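Chain by chain, the residues:
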Amino acid sequence: MSSSQPNLLPLLQTLSTQLEGALHVDQLTKTLYATDASVYREMPLAVAFPKSESDIQKLIHFANENGTSLIPRTAGTSLAGQCVGNGIVVDVSKTFTQILEFNKEERWVRVQPGVVRDELNRFLKPHGLFFSPITSTANRAMIGGMVGNNSSGTTSIVYGVTRDKVVSLNTILSDGKKVIFGEINQDDFDRKCGQQDLEGQIYRQLFDELNNPETREEIHAQFPKKSIHRRNTGYAVDELMKAELFEGKEKFNFCKLLAGSEGTLAFTTEIKIGLDPLPDPIEIVVAAHFVSIHESMKSAQVAMKHPTTAVELMDKIILDCTKESIEYSKNRYFVEGDPMAILMIEFRGKSLEEAMAKGEALVADLKAAGYGYAYPIIEPAMVTSAWALRAAGLGLLGNIPGDPKAVACIEDTAVDIEDLADYIDELDETLKGFNQNPVHYAHAGAGEIHMRPILNLKVAEDVEEFYQISLASAKLVKKYQGSLSGEHGDGRVRAAFIPLMVGEKNYELFRRIKYT
Ligand SMILES: Cc1cc2nc3c(=O)[nH]c(=O)nc-3n(C[C@H](O)[C@H](O)[C@H](O)COP(=O)(O)OP(=O)(O)OC[C@H]3O[C@@H](n4cnc5c(N)ncnc54)[C@H](O)[C@@H]3O)c2cc1C
């Protein structure tokens, strides 16, 4: 629905008088909310800043009555177009910003969706705890959006992804009812199934669907390999199957599916998340240098046999970007020669000796395997600037002058780490076929690679190439039974490929879940 529908304007104006918060229909505000961090741009019908749950209920009621949609939004840093649409953008980043309750002993915190990830961790630090998933955008990404996208980052190989941390969610469903989802036992599950409302219907439908062995078989057959812990393609029905009701040992928790559902199933108003003890304080990084990406990816497998807390790749293109930067060139002090790739492999310990011993053990293994040519170990005082170099690479790539840009379309694939070297070789070959010399930016320990082709999306041929490259990448990921999205989500950019990734039957299952 677009703002050109004149009949909705008076209704929107009436709605705005009924909200405690604000509703804007002016061109400037709508233009500001027509984009997120993706390549998409679409004018919303309106932009709402609700102040209360009751405001959100009114917005839901309005959307139902008038055949439009709501687009929940926190910081809007999504890369796949999740926050762009022609409905009403509902921004909770300014009004739902409270840390509501904290339990140190039980290690959980209850927050509103607009709490910034790093701010939450500043609050938790004196208590020796933290919310472990970290995105590169953690200084502005908010917990609501992290749950929406099931975000993760360098820490995922140790601590898991956002989904693993969600304990319960207070939500408002599409019928306007407030519902809390969390872990429930068999008796409670049965009771929920007996409810004659939308909540009851959700539980009944999920049970009927997942209780069917054929459905479960199809999910096992089509979903990414189980060894891939970053998997954000489609709805996480595979996670629900781990419940004792079906195949596993866990209690049923619908939040497993809500995490990563990108605001398409319910509006979240409160989030209870589990916390981890702060990691050991002393951090060192082995910066292993390689003559090829392939060699670096083989080395990632060696690194993952060690007690590392992060294994991250920088390729030559990223390293070269930082050469010209006045700010970042000084952080290149540890770069020796002209490597095609550097793996940054982090180790932690209670003391420097402990952390160094872990790093040196890895260096010995890499040398024994014949991988790498230089292995400087970055000591604690310099670690922050070394990581800043890596973070800067992607930012600088985003600032290429002129119209061609490094665009996010195939930037989020994850495969089994055992497949990573071969997968990247094949992906490189595929991209060469499109005259692309890809940038490799990887959470290598998690099998995740952020590759971005350089395209000018103002030119029709490049828009077509954008699609063809995405399709070729999707086919390749499917061949390796990987996940088309590891952490950024499907959004608009990957939505078209969901049937290819999970098969038509599972796609239809997703549709039935969405339209319950
Ligand atoms: C340069 C760059 C680097 C990035 N690096 C990483 C990275 O390392 N790891 C990673 O995982 N991601 C990364 N991202 C993607 C993005 O930053 C994360 O997904 C982030 O967690 C999104 O948070 P946000 O507050 O911006 O959410 P938004 O973009 O505002 O929203 C994210 C999703 O959550 C939904 N949502 C928001 N609030 C609610 C609510 N109250 N109820 C229901 N649904 C809701 C939205 O509709 C949307 O679908 C990166 C992005 C950029 C631009």
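Please refer to the structure higher up on the page.
Scoring rules and cut-offs
Residues numbered from 1 in each chain as written. Predicted model: local features only at pLDDT ≥ 70, side-chain atom pairs only at ≥ 80, totals over all residues. Heavy atoms only, no water. Helix = DSSP H or I, 4+ residues; strand = E, 2+ residues; numbered from the N terminus. Buried < 20%, exposed > 50% of the residue type's maximum accessible area, 1.4 Å probe, protein only. Contact = heavy atoms within 4.5 Å. Near = heavy atom within 4 Å. Polar contact = N/O pair within 3.5 Å; in protein donor to acceptor, adjacent residues only side chain to side chain. Areas by Shrake-Rupley, 256 points an atom, 1.4 Å probe, with all protein chains shown as cover. Nonpolar A, V, L, I, M, F, W, Y, C, P; charged D, E, K, R; others polar. Salt bridge = Lys/Arg side-chain N within 4 Å of Asp/Glu carboxyl O. Expected span 1.5 Å × (residues − 1).

## Some thoughts on the environment of Leu 389
Point 1. Here Leu 389 is to be found in helix 17 (residues 380–398).
Point 2. Residue Leu 389 is classed as buried on the basis of its relative accessible area of 0%.
Point 3. In this structure, the C-alpha to C-alpha distance between Leu 389 and Ser 329, residues 60 residues apart in sequence, is 8.2 Å.
Point 4. Contacts of Leu 389, omitting those with residues within four sequence positions, involve Met 314, Leu 319, Thr 322, Tyr 328, Asn 331, Arg 332 and Phe 334.

## Notes on the site of the ligand
Point 1. Around the ligand there are 31 residues in total, and Pro 72, Thr 74, Thr 77, Ser 78 and Thr 137 lie nearest to it.
Point 2. The contact in question runs from a nitrogen atom of the ligand to an N or O atom on the backbone of Ser 152, over 2.7 Å.
Point 3. Within the side chain of Glu 487, a nitrogen or oxygen atom sits 3.2 Å from a nitrogen atom of the ligand.
Point 4. When the free accessible area of the ligand is taken as 980 Å², the share hidden by the protein chains comes to 94%.
Point 5. Taken together, the elements giving at least two residues each to the shell around the ligand come down to strand 3 (70–73), helix 5 (143–149) and strand 11 (267–274).
Point 6. Per-element tally for the shell around the ligand: the top contributor is helix 5, with five residues.
Point 7. Among the residues making up the shell around the ligand, the classes are represented as 11 nonpolar, 17 polar and three charged.

## Here we look at the pattern of salt bridges
Point 1. Throughout the structure, instances matching the rule amount to 28 salt bridges.
Point 2. Across the pair Arg 117 and Asp 118 runs a salt bridge, and its minimum N-O distance is 3.0 Å.
Point 3. Take Arg 117: its relative accessible area is 6%, and that puts it in the buried class.
Point 4. Glu 199 is paired through a salt bridge with Lys 192; the nearest N and O atoms lie 2.9 Å apart.
Point 5. Counted as one network, the salt bridges with shared partners bring together Lys 316, Asp 320, Lys 323 and Asp 338.

## A short note on helix 3 (residues 53–66)
Point 1. The end-to-end C-alpha distance of helix 3, which contains 14 residues, comes to 20 Å, matching closely the 20 Å that a straight helix rising 1.5 Å per residue would cover.
Point 2. Where helix 3 is concerned, the buried positions are Glu 53, Asp 55, Ile 56, Leu 59, Ile 60, Phe 62, Ala 63 and Asn 66.

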